[in-house]
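Architecture at a glance
Chain by chain, the residues:
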Amino acid sequence: MDTMTMLLFGATGDLAARKIFPALFRMYLDRKLPQPFWVVATGRRAWSQSRFRAHIEESLRDFCQDRAGDFSRLPVFLQGIEYYEMDVRQPQAYLNLHHYVRSGESERRIGENRLFYLSVSPELFAGIAGNLHRSGLSQTSGWRRLMVEKPFGSDLASARDLNRKLGEAFAEEEIYRIDHYLGKPMVQSLGSLESANPIIHAIWNSRYIANVQITASETIGVEERAAYYDHAGAIRDMVQNHLLQLAMLTAMHVPGRMTAEEIQAAKRNVMEAVRPLDKEDVRLHVVRGQYSEGSIDGTHAFAYREEAGVAPMSMTDTFVAARLFIDLPRWQGVPFYLRTGKRMKEKSTRIVVQCKPSEEAELPNLMVIHVSPDQGMTLRLNLNGPGKPGQLEPVELKYANQENLPEPYELLLAEAMKGDRTHFAQWEEVELAWRWVEPILAAFAENRVPLHDYPAGTNGPDAAYRLLEEDGFTWWLDPQDEPVYTPVHAR
Ligand code: NAP
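It should be emphasised that the depicted structure is a prediction, and the values quoted were computed from it without experimental measurement. Positions within a chain are numbered from 1, following the residues in the order the chain's sequence is written. Predicted model: local features are reported for residues with pLDDT of at least 70 only, side-chain atom pairs are reported and counted for 80 or more only, and whole-chain, interface and lining totals are derived from all residues. Computation of side-chain values covers all heavy atoms of the structure but excludes hydrogens and water.

Further remarks concern the pairing of strand 12 (residues 336-341). Note on exposure labels: buried denotes an accessible area under 20% of the residue type's maximum, exposed denotes more than 50%, and partly exposed covers the range between, all computed with a 1.4 Å probe on protein chains only. Numbered from the N terminus, helices here are DSSP runs of H or I no shorter than four residues, and strands are runs of E no shorter than two. Along strand 12, 6 of the 6 residues are buried, which leaves the element largely enclosed by surrounding structure. Here strand 12 shows no split at all, with Phe 336, Leu 338 and Thr 340 on one side and Tyr 337, Arg 339 and Gly 341 on the other all buried. One bridge is not enough; two strands pair if DSSP finds at least two bridges between them. The pairing of strand 7 (residues 209-217) with strand 12 spans 6 bridges and is parallel. The residue bridging Ser 217 from the neighbouring strand is Gly 341, located in strand 12. Here strand 11 (residues 319-324) runs beside strand 12; their pairing, made up of 6 bridges, is antiparallel. By the bridge assignment for strand 12, Leu 324 is matched with Phe 336.

If you trace the 9 strands from one edge of the open sheet to the other, you get 16-15-14-13-7-12-11-8-17, paired in mixed fashion. In this open sheet, the two strands that pair with only one neighbour each are strand 16 (392-400) and strand 17 (451-455). Each adjacent strand pair in this sheet contributes to an overall mean axis angle of 15°, direction not counted. Strands in contact with helix 14 (residues 462-469) are strand 7, strand 8 (286-292), strand 11, strand 12 and strand 17; relative to strand 11, the strand with the most contacts, it is inclined by about 10°. A fitted line through C-alpha atoms serves as each axis, taken over the contacting stretch for helices, and the angle formed by two N-to-C directions is quoted from 0 to 180°. Whether two residues are in contact is decided by their heavy atoms, any of which lying within 4.5 Å being enough.

Put simply, the protein chain has an average pLDDT of 94, and 98% of its residues get 70 or more. For every residue, the predictor states its confidence as a pLDDT score lying anywhere from 0 to 100. Predicted confidence is poor over residues 481-491, with pLDDT under 50, and the contacts of this stretch with residues over four places away or in other chains come to 31 contacts.

Attention now goes to the sheet that holds strand 1 (residues 4-9). Across the sheet, 6 strands lie side by side as 3-2-1-4-5-6; this open sheet has parallel pairing. A strand with exactly one partner marks an edge of an open sheet, and here the two such strands are strand 3 (81-85) and strand 6 (175-177). Shown here is a sheet whose adjacent strand axes are inclined to one another by a mean of 20°, direction ignored. Relative to the sheet, helix 5 (residues 125-135) contacts strand 1, strand 4 (114-118) and strand 5 (144-148), its axis offset from that of strand 4 by approximately 155°.

Moving on, we come to the site of the ligand. Among the 22 residues in the neighbourhood of the ligand, the closest are listed as Thr 12, Asp 14, Arg 18, Val 120 and Lys 150. For the ligand, an oxygen atom lies 3.3 Å from a polar atom in the backbone of Gly 10. Pairs of N or O atoms within 3.5 Å make up the polar contacts considered here, provided that, within protein, one atom can donate a hydrogen while the other can accept it, and that residues adjacent in sequence are counted only when both atoms are side-chain atoms. Arg 89 is positioned such that a nitrogen or oxygen atom in its side chain is 3.4 Å from a nitrogen atom of the ligand. Coverage of the ligand by the protein amounts to 78% of the 900 Å² it exposes when considered alone. With 3 residues, helix 1 (residues 14-29) is the largest single contributor of residues to the shell around the ligand. A per-class count over the shell around the ligand returns 9 nonpolar, 5 polar and 8 charged. Being near a molecule or strand, for a residue, comes down to having at least one heavy atom within 4 Å of it. The accessible surface values rely on the Shrake-Rupley method and a 1.4 Å probe; as for residues, cover is taken only from the protein chains in view. Under the scheme applied here, ten amino acids are nonpolar (Ala, Val, Leu, Ile, Met, Phe, Trp, Tyr, Cys and Pro), four are charged (Asp, Glu, Lys and Arg), and all others, including Gly, are polar.

Here's what the structure looks like:
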């Protein structure tokens, strides 16, 4: 791997403490970092080097418990990280930083390869990129790459504006837009599922598949993020990015080799074919909900409107279910259902592919891709029980990944360090996704779609069940008293 300097903006923030530094520490332990390895960690706080390193050490002890046996290597790891205090809104600060980085690189004999990671509030993204450019920091003799956190815009216009500004300083091939769902191991396996398995390739079309259900449910509420979430809602926070990315990866067909370019083209092909919604029709295909008071695992949960930082009459969606169609020959007429919510009954991200029924068997074949927290696959088939001719019973083939798999941030950082953009969101995908979401945003803003209440700790509003019942389907696997694979028709 090339030697490089990683410049992390927002190094004193929450994400850096919970995800980025733990990922770097694990990579260090697993010898996946370049040597020498140097992180220039910037923040606004007037912290000394030792104060900052103590802060990182504390979070590593919290978030890398599973590597406690390796904590003796912490001091050497921390040596590779230097805190640099600056206000990112001050152009002069970048000139000083440039000087600091150049002398550090020559002292450490590091090539002029720079990985800039923006883990700051999105309002600062464009300004930082512009200042990196103008100060010369991003004008390197080696490579330069920009990793950008989500959210990428809050609607189509703001996303375009941000992209144009980043584009003044970095080429598209140099921009790594993070969608951490793309760093989840089972999501990374989705790419090869159809192309590497003729058995799946043969059924991956509307002749055999009845519908696809993509669920990402959380049990947590808004926690400390109310200021952001109350303006974003589930539609911006989850649907525009993570859920549409999962839909693209599930529906894509990669005809050739699985290169980053082939995968990007295949995803774009899907997103371009997603049937647009009219603002007037949104209510026919999209359900929105907001959680009311309830209980999760026996613990009382406040209503969304009672959460700290949420407007008392907030109309923000904490739940969205949507039906979309992909107008490609292979997916003609197959509904893709997306669903996400906060304060739901269980934490689960999964993709359920329901096959069309056979004449003999009442229960359809199902393929379930468990993305998180379980990671694996289940295939449900119908078989005769021994000595029971004509009596079909569902049987499940299960693959559960028990290995200690890398965290998404580890995989994504490693890919960006190697210059592999396979699992990052490309601009065209992001733009197409915003374009599809725009009429939904407008319909929500104009209250054209009812805001259904669902008690915290449930599977969402009944309207989300009715959305599927209209098509003769039901959501699979919602935890009920019944066995998990029995269809259920209401909460
Ligand atoms: P955060 O805890 O508020 O941290 C923000 C960071 O930005 C701090 O290090 C802060 O430094 C720095 N900063 C703010 N203004 C600055 C300025 N003028 N000059 C220099 N540094 C400045 O935010 P976060 O939760 O870590 O989120 C960071 C990014 O990740 C955001 O884009 C967010 O949307 C995204 N993200 C976060 C999460 C999450 O779980 N936290 C999940 C997904 C995406 P000081 O504190 O020293 O002022």
